[in-house]
Amino acid sequence: MNPDILKERRNATFDVEKLTFILYEGPEKTKRRREIESLVLNDPDFAEEDPNFLSRSERYDQAVRKSAQMILKLREYGIADPEEIYFYKSSVHPGRSEPLDLHLGMFLPTLLNQATPEQMDRFFMPAWNLEIIGTYAQTEMGHGTHLRGLETTATYDPSTQEFVLNSPTITSIKWWPGALGKTSNHAVVLAQLYTQGNCHGLHAFIVQLRDMDTHNPLPGIVVGDIGPKFGFSEVDNGFLKLDNVRIPRENMLMKYAKVEPDGSYLKPPSAKLTYGTMVFIRSLIVGQSAISLAKSCTIAIRYSTVRHQSEIRSGEPEPQILDYQTQQYKLFPLLATAYAFTFVGQYMSQTYNRISGDINQGDFNELPELHALSAGLKAFTTWKTNSGIEVCRMSCGGHGYSRSSALPDIYAEFTPTCTYEGENTVMMLQTARYLLKSYRQAKAGQQLSGIVSYLNEMEQRQVQAHPASARPTVVDINDLSNLVECYKQRAATLVELAARSIQQELQKRRSQEDAWNNSAIDLVRASDAHCHFVVVKLFTEKLSEIGDTAIHAVVSNLALLYALHGITQSSGDFLQAGLLTGPQMLQISVRIKELLCQLRPNAVALVDAFDFHDKKLNSVLGRYDGNVYENLFDWARRSPLNATEVHESFHKYLKPLRSKL
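Residues numbered from 1 in each chain as written. Predicted model: local features only at pLDDT ≥ 70, side-chain atom pairs only at ≥ 80, totals over all residues. Heavy atoms only, no water.

1. Digging into the overall build of the protein chain
Spelled out, the test is: Secondary structure follows DSSP: runs of H or I at least 4 residues long count as helices, runs of E at least 2 residues long count as strands, and numbering of each begins at the N terminus. The reference for a compact globule is 2.2 Å times residues^0.38; the radius of gyration itself is calculated from the C-alpha atoms. Burial classes follow relative accessibility: with a 1.4 Å probe on protein chains only, a residue under 20% of its type's maximum area counts as buried, one over 50% as exposed, and anything between as partly exposed. Contact definition: two residues touch when any of their heavy atoms are within 4.5 Å. Positive charges come from Lys and Arg, negative ones from Asp and Glu, while His and the chain ends are left out of the count. Charge positions are represented by NZ for Lys, CZ for Arg, CG for Asp and CD for Glu.
Per the secondary structure count, the protein chain includes 22 helices and 11 strands. For 661 residues, the compact-globule estimate of 2.2 N^0.38 gives 26 Å, and the protein chain sits close to it at 27 Å. With the C-alpha coordinates of the protein chain rotated into their principal frame, the extents come out at 90 × 80 × 65 Å. Every one of the 661 residues in the protein chain was classed for burial, and the buried ones make up 55%. A separation threshold of at least 6 residues defines the contact pool for the protein chain, and within that pool the share at least 24 residues apart is 74%. Of the side-chain charges in the protein chain, 68 are positive and 74 negative, and the distance between the mean point of each set is 4 Å.

2. What to know about the nonpolar core
What counts here: Buried Ala, Val, Leu, Ile, Met, Phe, Trp, Tyr and Cys residues form a nonpolar core when they are joined through side-chain atoms within 4.5 Å.
One finds Leu 19, Ile 301 and Tyr 339 to be the most contacted residues of the largest nonpolar core, which totals 130 residues. The element best represented in this core is helix 9 (residues 325-360), accounting for 15 residues. Sequence-distant contacts of Ile 301, defined by excluding residues within four places in its chain, comprise Leu 322, Leu 331, Phe 332, Leu 335, Ala 603, Val 604 and Val 607.

3. So, the packing of aromatic side chains
Filter applied, for reference: For Phe, Tyr and Trp, where Trp contributes only its six-membered ring, two rings pair if their centres lie within 6.5 Å, and the inter-plane angle classes them as stacked under 30 degrees, edge-to-face over 60, or tilted in between.
One pass over the structure, following the stated rule, counts 19 aromatic pairs. Pairing Phe 230 with Tyr 411 gives two aromatic rings, centres 6.1 Å apart and planes at 85 degrees, and the pair type is edge-to-face. Here Phe 230, found in the loop between strand 7 (221-225) and strand 8 (238-242), pairs with Tyr 411, found in helix 11 (residues 407-414); they are 181 residues apart in sequence, far enough to count as distant. Looking at Tyr 411, the relative accessible area reads 23%, which means it is partly exposed.

4. A short note on the pattern of salt bridges
The following threshold applies: A carboxyl oxygen of Asp or Glu within 4 Å of a side-chain nitrogen of Lys or Arg is what we treat as a salt bridge.
What the rule picks out here adds up to 45 salt bridges. We note a salt bridge from Arg 638 to Asp 50, for which the minimum N-O separation is 4.0 Å. Note that Arg 638 is positioned in the loop between helix 21 (628-637) and helix 22 (648-660) and Asp 50 in the loop between helix 3 (27-41) and helix 4 (56-77), a separation of 588 residues in sequence. Under the relative-accessibility criterion, Arg 638 is labelled partly exposed at 44%. Among the ionic pairs, Asp 157 bridges to Arg 246, the shortest N-O distance being 3.2 Å. In this pair, Asp 157 sits in strand 2 (residues 153-157) while Arg 246 sits in strand 9 (residues 245-248), placing the two residues 89 residues apart along the sequence. You can call Arg 246 partly exposed: its relative accessible area is 42%. Connected via shared salt-bridge partners are Glu 17, Arg 33, Arg 34, Glu 37, Asp 611 and Lys 616.

5. Looking at the environment of Ala 63
Locating Ala 63 in the fold gives a position in helix 4. With residues up to four places along the chain from it excluded, the contact list for Ala 63 reads His 93, Pro 99 and Glu 234.

6. Here we look at the pairing of strand 8
Put simply, the rule reads: One requirement defines pairing of two strands: DSSP has to find at least two bridges between them.
Along strand 8, the buried face is formed by Gly 238, Leu 240 and Leu 242; none of Phe 239 and Lys 241, which line the opposite face, is buried. Sheet topology places strand 7 next to strand 8; five bridges connect them, and they run antiparallel. Within the sheet, the bridge partner assigned to Gly 224 lies in strand 8 and is Phe 239.

7. Focus: the packing of helix 4 against helix 5 (residues 82-92)
Inclusion rule: Angles shown run from 0 to 180 degrees and are taken between the N-to-C directions of axes, each axis being a line fitted to C-alpha atoms and, for helices, limited to the stretch in contact. Take the far helix as your reference; a near helix turned counterclockwise from it by less than a right angle gives a left-handed crossing, and one turned clockwise gives a right-handed crossing. Just so you know the grouping, Ala, Val, Leu, Ile, Met, Phe, Trp, Tyr, Cys and Pro go in nonpolar, Asp, Glu, Lys and Arg go in charged, and all remaining residues, Gly too, go in polar.
Orientation of helix 4 relative to helix 5, taken along the N-to-C sense of each, is 145 degrees, at an axis distance of 11 Å. Our pair here, helix 4 against helix 5, has a crossing hand that is right-handed. Between helix 4, through Lys 66, Met 70, Lys 73, Leu 74 and Tyr 77, and helix 5, the contact on the second element is made entirely by Ile 85, Tyr 88, Lys 89 and Val 92. Here the residues of the contact of helix 4 with helix 5 are counted per class, giving six nonpolar, no polar and three charged.

8. A closer look at the side chain of His 93
We apply this condition: Polar contacts, as counted here, are pairs of nitrogen or oxygen atoms within 3.5 Å of one another; within protein the pair requires one atom able to donate a hydrogen and one able to accept it, and residues that are adjacent in sequence qualify only if both atoms are side-chain atoms.
Structurally, the position occupied by His 93 is in the loop between helix 5 and helix 6 (101-114). Among the polar contacts made by the side chain of His 93, one reaches the side chain of Ser 67 at a distance of 3.0 Å. In this view, His 93 contacts Ala 63, Lys 66, Ser 67 and Glu 98; residues no more than four positions away in its chain are not counted.

9. Thoughts on the state of the cysteines
Going by this rule: Only a pair of cysteine sulfur atoms within 2.5 Å counts as a disulfide in this structure description.
Counted by the stated rule, this structure contains zero disulfides. Note on Cys 531: no disulfide assigned, nearest cysteine sulfur contributed by Cys 418 at a separation of 14 Å. Given a relative accessible area of 1%, Cys 531 falls into the buried group.

10. Some remarks on the environment of Ser 90
Mapped onto the elements, Ser 90 comes out in helix 5. For the pair formed by Ser 90 and Lys 616, sequence separation is 526 residues and the distance between their alpha carbons is 8.1 Å. Here Phe 87 takes part through its backbone oxygen, which lies 3.0 Å from a polar atom of the side chain of Ser 90.

11. Re the confidence of the model for the protein chain
Spelled out, the test is: Confidence of the predictor at the level of single residues is captured by pLDDT, which takes values from 0 to 100.
Per-residue confidence for the protein chain gives a mean pLDDT of 93; residues scoring 70 or more make up 97%. Below pLDDT 50 for its whole length, residues 462-471 participates in 17 contacts with residues either more than four positions away or in separate chains.

12. Describing helix 15 (residues 520-543)
The condition is simple: Any helix carries an expected span of 1.5 Å times its number of residues minus one.
End to end, helix 15 covers 35 Å across 24 residues, agreeing with the expected 34 Å (1.5 Å per residue, within 8%). Of all the 24 residues making up helix 15, 19 are buried; the element is thus mostly covered by neighbouring parts of the structure.

13. What about the sheet that holds strand 4 (residues 174-175)?
If you walk across this open sheet you meet the three strands as 4-8-7, and the pairing is antiparallel. Looking at strand neighbours, the two that pair on one side only are strand 4 and strand 7, the edges of this open sheet. Pairing between strand 4 and strand 8: two bridges, direction antiparallel. The residue of strand 8 that forms the bridge with Trp 175 is Phe 239.

14. As for a nonpolar patch on the surface
For clarity, the cut-off: Only residues above 30% relative accessible area that lack a salt bridge enter a patch, with like-charged residues linked at up to 9 Å and the nonpolar side chains Val, Leu, Ile, Met, Phe, Trp and Tyr linked at up to 5 Å. Using a 1.4 Å probe, accessible areas were evaluated by the Shrake-Rupley method; residue-level cover was limited to the displayed protein chains.
There is a patch of nonpolar side chains on the surface, built from Tyr 653, Leu 654 and Leu 657 and spanning about 320 Å² of accessible area. With relative accessibility at 49%, the residue Leu 654 sits in the partly exposed group.

15. Description of the environment of Ala 442
By the secondary structure assignment, Ala 442 is in helix 12 (residues 424-443). On the basis of relative accessibility, which here comes to 6%, the residue Ala 442 falls in the buried class. Sequence separation of Ala 442 and Tyr 454 is 12 residues, and the distance between their C-alpha atoms is 9.5 Å. Once you skip the residues sitting within four places of it in the chain, Ala 442 turns out to touch Leu 448, Leu 455 and Asn 456.

16. A few points about the packing of helix 2 (residues 16-23) against helix 3
So the rule is basically this: Orientation labels follow simple angle bins: below 35 degrees gives roughly parallel, above 145 gives roughly antiparallel, 65 to 115 gives roughly perpendicular, and whatever is left gives oblique.
Running from amino to carboxyl end, helix 2 crosses helix 3 at an angle of 95 degrees, the nearest separation of the two axes being 8 Å. In terms of orientation, helix 2 and helix 3 fall into the roughly perpendicular class. Two secondary-structure elements touch here, helix 2 through Glu 17, Thr 20 and Phe 21 and helix 3 through Pro 27, Thr 30, Arg 33 and Arg 34. Looking at side-chain class alone, the contact of helix 2 with helix 3 contains two nonpolar, two polar and three charged residues.

What follows is the structure, encoded as structure tokens:
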């Protein structure tokens, strides 16, 4: 064990194991997760070559082999609980997407949520047993987030009781779905439903893509891989062109919407039900944001304790770079953010499961709020995490640039979350649409419930045309409940200002659409403020569940740092709304520096609590034992370029130059 990192652990003021239990929702769940991880990490069938030294085809081949083994092992061990399957899968493919992600994460959940009992009998068990391997084909070359713009058509033919699916334009070719290129033999295809001469919008259809024995594409199906991406080297993201592909009427998922044999259409109780799988994935992405940022912080903070550089005092030994205030200011707010997003991820998982239960009982009342919240938090957490991973990489200096650090791969694998399952700016605008609707309801005297209930207070608050003229509130910057109130008032103010912007545009005789577009910056700011308020609120509420005094103290400091740092990053909003004064902002800057000092002794213990096994972290710089340099040298020597002392290019190209000079 590196002596520096050993010293850090001895200086911790709390029990790391107890904090791990809080992060993983209890000792039993933590114990089970570790048991499942050990099943994978000690299994020679999952041994692999370092993907960094393989071609893309080799990486895909290795990933498919491991995924197939994973399915066999899950059956052998009888692991069927979705959360336990996730634990197992994330250990088989640590930090990397894999060819069965869409099958397990979108195809099966879509069947569970949208298939009739008869369709479940027909499709689900074959899919569960991997006879059917499915993907979720929604995005097209020309349209992604704008779902109403999707062009793939499914036209009902009552004479044969079949749907005829077509890709009528080049832009309608399905583009990007994972596992579509080479892995899947079926897909949930999102297409515009036409029946009896009318278009009824997007609906989901089960389409067989390949022969079940030969795996060759079926007639009318043009399918393949879209080529290398920024990351996701193990995944065959694909294209799909449909040319008069006929499927039985029963292949339309009809739990809610239905097409009768004669072509009559029965609409669903809520149009948003078609997008239920996306809401599920967006909720998951919030938790994935927490994991990716937590991994990045773990690597950067551990490395910052064993890396010594420069001098603080002339003539003295080079200090640990984590002793520099600038390094703490880079990393500790991100560490606080990782904790915040962990607790928000828990909340989103619980909320999704609760509301899904209500939907199954026929109660759709909370679906619009879930849709808006999952969209906004997906955007908010992925933007913050994406930029945070890069800060962690740069905080590791030159070695952070090496893929041995794992940080480039974490960044490349995580970055797509900002655009898939909804481009982030559009997601923020979707949340804004819900906020504006709620605001107008509150102004009309309706009592709102749920996370937007703070807009009920708008009648009592008279936000001036120039809110900065309002009398500032006296805020105790050490009182989290006071800070939650500040974030709430900021959100309410920005929602009102966005609504006012639209009204001003309408008064200029703009159309509703132009008024919305001309107010889009204000709308995104309002959504961002709303999401920020939700995160601060949930982080603060989590503290009440922590009984251990030592853990409560250190996590409270993290929550306070998260809230205060967020205020400094958006200080103009708080000053403009009259929530804080200039002198209070100076006090906050001083308090943040104090919190950095208070958190410094516990920094390593706080990342240890995330409980990432070295094999799952896969980082030379983030090793638990801190022995970075010897392992960095060992990693480099395994490069394929070092397989021979003299590379063949020398004899082919460089040596002949001598005779020509």
